[in-house]
Amino acid sequence: MNSLNQIIVEGNIVREPELKSLPSGAASCTLPIAVNRKYKTGDGSYAEEVSYFDVDTFGGLAEVCVKWCPKGRGIRVVGRLKQNRWKDDAGKSHSRVKIIAEHIEFKPVLKKNPDGSLSSQKDMENSPKSADLGTPPLSKKKKLAMLAEAAAAAQHEQEANDIPVF
(Lines give C-alpha, C1' and ligand atoms only; values in the text may rest on other atoms or scores of the structure.)
Protein backbone atom coordinates (compact mmCIF):
# COMPACT_ATOMS: atom_id res chain seq x y z
CA MET A 1 0.00 0.00 0.00
CA ASN A 2 1.24 3.46 -0.85
CA SER A 3 1.53 5.90 2.02
CA LEU A 4 0.20 9.43 1.90
CA ASN A 5 2.66 12.21 2.66
CA GLN A 6 0.97 15.56 1.99
CA ILE A 7 0.90 18.69 4.13
CA ILE A 8 -0.57 22.17 3.85
CA VAL A 9 0.64 24.87 6.23
CA GLU A 10 0.11 28.60 6.27
CA GLY A 11 2.32 31.00 8.17
CA ASN A 12 4.70 33.95 8.03
CA ILE A 13 8.34 33.90 7.02
CA VAL A 14 10.53 34.67 10.04
CA ARG A 15 13.91 35.24 8.38
CA GLU A 16 15.15 36.45 5.00
CA PRO A 17 15.65 33.45 2.70
CA GLU A 18 19.09 32.67 1.28
CA LEU A 19 19.74 31.06 -2.08
CA LYS A 20 22.25 28.19 -1.96
CA SER A 21 23.65 25.97 -4.64
CA LEU A 22 23.68 22.19 -4.19
CA PRO A 23 26.67 20.10 -5.38
CA SER A 24 24.56 19.14 -8.41
CA GLY A 25 24.26 22.84 -9.30
CA ALA A 26 20.55 23.05 -8.46
CA ALA A 27 19.28 26.01 -6.44
CA SER A 28 18.07 25.49 -2.88
CA CYS A 29 16.36 27.83 -0.42
CA THR A 30 15.12 27.32 3.14
CA LEU A 31 12.20 29.42 4.37
CA PRO A 32 11.68 29.31 8.13
CA ILE A 33 8.00 29.99 8.87
CA ALA A 34 5.93 30.54 12.01
CA VAL A 35 2.45 29.04 12.17
CA ASN A 36 0.07 30.48 14.76
CA ARG A 37 -2.73 28.51 16.39
CA LYS A 38 -5.38 30.04 18.64
CA TYR A 39 -7.61 27.79 20.72
CA LYS A 40 -10.01 27.83 23.63
CA THR A 41 -8.74 26.23 26.84
CA GLY A 42 -10.77 24.13 29.25
CA ASP A 43 -11.46 27.12 31.53
CA GLY A 44 -12.92 29.13 28.62
CA SER A 45 -9.99 31.47 28.08
CA TYR A 46 -8.13 31.71 24.82
CA ALA A 47 -4.51 30.73 24.28
CA GLU A 48 -2.10 30.90 21.37
CA GLU A 49 0.78 28.69 20.39
CA VAL A 50 3.38 29.21 17.70
CA SER A 51 5.12 26.40 15.82
CA TYR A 52 8.19 26.94 13.67
CA PHE A 53 8.93 24.90 10.56
CA ASP A 54 11.69 24.92 7.94
CA VAL A 55 10.40 24.77 4.38
CA ASP A 56 12.91 23.67 1.73
CA THR A 57 12.47 24.72 -1.90
CA PHE A 58 14.51 23.66 -4.91
CA GLY A 59 15.20 24.72 -8.50
CA GLY A 60 13.09 27.47 -10.00
CA LEU A 61 10.82 27.53 -6.96
CA ALA A 62 13.81 28.38 -4.76
CA GLU A 63 14.77 31.28 -7.04
CA VAL A 64 11.21 32.66 -7.01
CA CYS A 65 11.05 32.41 -3.21
CA VAL A 66 14.31 34.30 -2.71
CA LYS A 67 12.95 37.12 -4.85
CA TRP A 68 9.39 37.31 -3.52
CA CYS A 69 9.49 36.03 0.08
CA PRO A 70 10.76 38.76 2.41
CA LYS A 71 10.68 38.34 6.17
CA GLY A 72 7.12 38.75 7.43
CA ARG A 73 5.34 37.71 4.25
CA GLY A 74 2.55 35.19 4.63
CA ILE A 75 2.69 32.04 2.53
CA ARG A 76 0.69 28.85 2.10
CA VAL A 77 2.83 25.79 1.42
CA VAL A 78 1.67 22.55 -0.17
CA GLY A 79 4.31 19.86 0.08
CA ARG A 80 5.49 16.77 1.87
CA LEU A 81 7.38 15.92 5.04
CA LYS A 82 10.96 14.65 4.97
CA GLN A 83 12.90 13.32 7.93
CA ASN A 84 16.67 13.68 7.97
CA ARG A 85 18.62 11.42 10.35
CA TRP A 86 22.30 11.56 11.24
CA LYS A 87 24.83 10.75 13.94
CA ASP A 88 27.16 13.36 15.37
CA ASP A 89 30.87 12.85 16.09
CA ALA A 90 30.02 11.39 19.51
CA GLY A 91 27.73 8.80 17.90
CA LYS A 92 24.51 10.38 19.19
CA SER A 93 21.55 10.04 16.81
CA HIS A 94 19.71 13.17 15.67
CA SER A 95 16.58 13.73 13.60
CA ARG A 96 14.91 16.72 11.97
CA VAL A 97 11.66 16.93 10.00
CA LYS A 98 11.37 19.51 7.22
CA ILE A 99 8.68 20.44 4.75
CA ILE A 100 9.64 20.01 1.11
CA ALA A 101 7.57 22.53 -0.85
CA GLU A 102 5.90 21.54 -4.09
CA HIS A 103 3.67 24.60 -4.38
CA ILE A 104 3.68 27.98 -2.60
CA GLU A 105 0.97 30.61 -2.58
CA PHE A 106 2.04 34.15 -1.70
CA LYS A 107 -0.11 36.30 0.56
CA PRO A 108 -0.21 40.09 0.04
CA VAL A 109 2.45 42.06 1.90
CA LEU A 110 0.76 44.71 3.98
CA LYS A 111 2.27 47.65 5.79
CA LYS A 112 0.74 50.02 8.32
CA ASN A 113 0.18 53.61 7.27
CA PRO A 114 0.70 56.45 9.78
CA ASP A 115 -3.09 56.62 10.29
CA GLY A 116 -3.18 52.91 11.26
CA SER A 117 -4.74 51.65 8.02
CA LEU A 118 -3.14 48.87 5.98
CA SER A 119 -1.94 49.07 2.39
CA SER A 120 -0.01 46.70 0.14
CA GLN A 121 3.65 47.39 -0.52
CA LYS A 122 4.18 48.83 -4.00
CA ASP A 123 7.18 46.62 -4.86
CA MET A 124 5.18 43.48 -4.02
CA GLU A 125 2.08 44.33 -6.09
CA ASN A 126 3.56 42.65 -9.16
CA SER A 127 4.65 39.51 -7.30
CA PRO A 128 3.22 36.21 -8.50
CA LYS A 129 0.23 34.78 -6.64
CA SER A 130 1.83 31.31 -6.49
CA ALA A 131 4.75 29.18 -7.66
CA ASP A 132 5.41 25.47 -7.92
CA LEU A 133 7.96 22.92 -9.04
CA GLY A 134 6.85 23.11 -12.67
CA THR A 135 3.94 20.73 -12.46
CA PRO A 136 0.64 22.07 -13.77
CA PRO A 137 -1.15 23.95 -10.98
CA LEU A 138 -4.08 22.15 -9.41
CA SER A 139 -7.42 23.89 -9.16
CA LYS A 140 -8.82 24.54 -5.69
CA LYS A 141 -11.57 22.02 -6.44
CA LYS A 142 -8.99 19.34 -7.35
CA LYS A 143 -6.91 20.03 -4.21
CA LEU A 144 -10.01 19.77 -2.00
CA ALA A 145 -11.03 16.54 -3.72
CA MET A 146 -7.54 15.09 -3.12
CA LEU A 147 -7.61 16.08 0.57
CA ALA A 148 -11.14 14.69 1.01
CA GLU A 149 -10.05 11.41 -0.57
CA ALA A 150 -7.03 11.24 1.74
CA ALA A 151 -9.19 11.97 4.80
CA ALA A 152 -11.68 9.27 3.78
CA ALA A 153 -8.86 6.75 3.29
CA ALA A 154 -7.39 7.59 6.71
CA GLN A 155 -10.83 7.28 8.33
CA HIS A 156 -11.38 3.92 6.64
CA GLU A 157 -7.97 2.68 7.82
CA GLN A 158 -8.68 3.81 11.40
CA GLU A 159 -12.04 2.05 11.41
CA ALA A 160 -10.51 -1.12 9.95
CA ASN A 161 -7.79 -1.21 12.62
CA ASP A 162 -10.04 -0.01 15.50
CA ILE A 163 -7.64 2.87 16.17
CA PRO A 164 -9.22 5.30 18.64
CA VAL A 165 -9.73 8.82 17.29
CA PHE A 166 -8.92 11.62 19.73
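By convention here, each chain's residues receive numbers from 1 onward along its written sequence. In view of the model being predicted, local features appear only for residues whose pLDDT reaches at least 70, and side-chain atom pairs are presented and counted only at 80 or more, with totals across whole chains, interfaces and linings using the full set of residues. With hydrogens and water stripped out, all remaining heavy atoms of the structure feed into the side-chain values.

1. Focus on the overall build of the protein
Going by this rule: Each helix is a run of DSSP H or I of at least 4 residues and each strand a run of E of at least 2, with the numbering of both proceeding from the N terminus. Burial status follows relative accessibility: with a 1.4 Å probe on protein chains alone, a residue under 20% of its type maximum counts as buried, one over 50% as exposed, and anything between as partly exposed. Every residue pair with non-hydrogen atoms within 4.5 Å of one another is taken to be in contact.
Tallying secondary structure elements over the protein gives two helices and nine strands in all. For the protein, the N- to C-terminal ordering of α and β elements is β-β-β-β-α-β-β-β-β-β-α. The proportion of buried residues among the 166 residues of the protein is 26%. Pairs at least 24 apart in sequence give 58% of the contacts found in the protein among residues at least 6 apart.

2. Quick word on helix 1 (residues 59-68)
Note the following rule: By definition, the arc is the one covered by directions from the helix axis to the C-beta atoms.
Buried within helix 1 we find Leu-61, Ala-62, Cys-65 and Trp-68. Angular distribution of buried residues about the axis of helix 1 spans 150°; they occupy a single face of the element.

3. What about the environment of Pro-32?
Mapped onto the fold, Pro-32 is located in strand 3 (residues 27-40). Given a relative accessible area of 6%, Pro-32 falls into the buried group. It is 6.0 Å that separates the C-alpha atoms of Pro-32 and Val-55, two residues lying 23 residues apart in sequence. Not counting residues within four places of it along the chain, the set of residues in contact with Pro-32 comprises Asn-12, Ile-13, Val-14, Arg-15, Phe-53 and Asp-54.

4. Side note on the pairing of strand 6 (residues 93-106)
Condition: Pairs of strands are assigned from DSSP output, requiring at least two bridges between the strands.
Two strands pair when backbone bridges link them, and strand 4 (residues 46-58) and strand 6 are joined in this way by two bridges, in the parallel orientation. The residue bridging Asp-56 from the neighbouring strand is Ile-100, located in strand 6. Note: strand 5 (residues 74-87) against strand 6, 13 bridges, orientation antiparallel. Considered in strand 6, the bridge of Ile-75 is made with Phe-106. Counted along the chain from strand 5 to the antiparallel partner strand 6, the turn is five residues long, and its residue Gly-91 has a positive phi close to 90°.

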